Amino acid sequence: MGLIPYNRVFDVLEHRFRLAELPFPVITAEGPIRLSALATRRVLYGRSSDPRLREEIWREAIDAAQRDTGTAGTERLLALWLALPAMRRTLYRIAIRWPIDRRELESESLLAGLTVLADVDPRSQEGGRELLRLTTNRLWAFARARTQERPVADVGALAAAHLSVESPAESPVGDWHDGWELRVSPPARPDGLSATVRFSVAPDRLESFRLGELAGHFGLGEVVHRARRPSEGSRIGTLSLRPAGARR
């Protein structure tokens, strides 16, 4: 099984064309010639290079890329490879200013180059410069927008994962160990309950529930109902409940 020698797309592209020859002839003063890929890039970015030869290389590269309809896209990749030095300089400046993943920037720069490549006029004298300018502008715009993003949890995915768990028919809650039990049935809807249901009662309120149950058990519910005080007022008597046989 073969191994991928690089984990960055720029390095893969460099490996693809470093030792290759241009697939198209370049017209010079001495006639059409073929240059190696490295020699061609030296002409494009060398300060002492012939400007007319640079324009001829870019014109041929852009024209060949726009006519490339193959699935491999060799001519389009070659045009991007010729633009790599300018892309690397832009990525270096962005990396100094903002902490953005270099691999993400490389992928975005190649995507920007492919997008711009389709609209550049190869017959213009500044076709190569226009290609580089528009590509780097897109890359700077992407980097500025990227710095304004903040990572958050994927709420939709978390909700889908939560709702994919089948809810039980009934959820018994029996944390009280004094004979009280609460059974909660999920509502009749597909999402079910979205959280654990727990009810808590103040101690005095819970004691009133217990007394009410005891009064009903001894048949004194009506007496207690009549003796209850709906609001503050004067006390008319007391009612005590205790187990049978207990000391008074």
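(A) Looking closely at the overall build of the chain. When you go through the chain residue by residue, the secondary structure sums to ten helices and four strands. Helices (α) and strands (β) of the chain occur, in sequence order from the N terminus, as α-β-β-α-α-α-α-α-α-α-β-β-α-α. In the chain, which comprises 248 residues, the proportion classed as buried is 27%. Put simply, 59% of the contacts in the chain that link residues at least 6 apart link residues at least 24 apart.

(B) The side chain of E56, seen in detail. With respect to the helices, strands and loops of the structure, E56 is situated in helix α3 (residues 51-67). Relative accessible area serves as the criterion here: at 13%, E56 is assigned to the buried category. Polar contacts involving the side chain of E56 include one to the side chain of R59, which spans 2.9 Å. Discounting chain neighbours no more than four positions away, the residues touching E56 are V26 and I27.

(C) Layout of the confidence of the model for the chain. Looking at the chain as a whole, its pLDDT mean stands at 75, while 62% of the residues score no less than 70. The element-level mean pLDDT for the chain is lowest in strand β3 (residues 171-173), coming to 45, with helix α5 (residues 84-97) highest at 92. The model gives residues 167-177 a pLDDT under 50, and that stretch makes 19 contacts with residues more than four places away or in other chains.

(D) Quick look at the layout of surface pockets. There is about 450 Å³ of room inside the second largest pocket. Contributing to the lining of the second largest pocket are 21 residues, with L44, R54, W58, G128 and R129 lying nearest its centre. Those elements giving two or more residues to the lining of the second largest pocket turn out to be α2 (37-45), α3, α5 and α7 (127-147).

(E) Inspection of the nonpolar core at higher detail. In terms of nonpolar packing, the biggest core is built from 41 residues, with I57, W81, L82 and I94 touching the most fellow members. Of all the elements in the fold, those that place two or more residues in this core are α1 (9-17), α2, α3, α4 (74-82), α5, α6 (102-117) and α7. Per-element accounting of this core gives the leading share, seven residues, to α3. Those residues in contact with I57 that sit more than four places away from it in its chain are F24, V26, L35, T40, V43, L44 and L82.

What counts as what
- Residues numbered from 1 in each chain as written.
- Predicted model: local features only at pLDDT ≥ 70, side-chain atom pairs only at ≥ 80, totals over all residues.
- Heavy atoms only, no water.
- Helix = DSSP H or I, 4+ residues; strand = E, 2+ residues; numbered from the N terminus.
- Buried < 20%, exposed > 50% of the residue type's maximum accessible area, 1.4 Å probe, protein only.
- Contact = heavy atoms within 4.5 Å.
- Polar contact = N/O pair within 3.5 Å; in protein donor to acceptor, adjacent residues only side chain to side chain.
- pLDDT = per-residue confidence, 0-100.
- 1 Å grid on protein atoms, 1.4 Å probe; cavity = no way out; pocket = protein on both sides within 12 Å on 5 of 7 lines; lining within 4 Å.
- Points joined across faces, edges and corners; volume = space filled by probe spheres on them.
- Core = buried A, V, L, I, M, F, W, Y, C linked by side-chain atoms within 4.5 Å.

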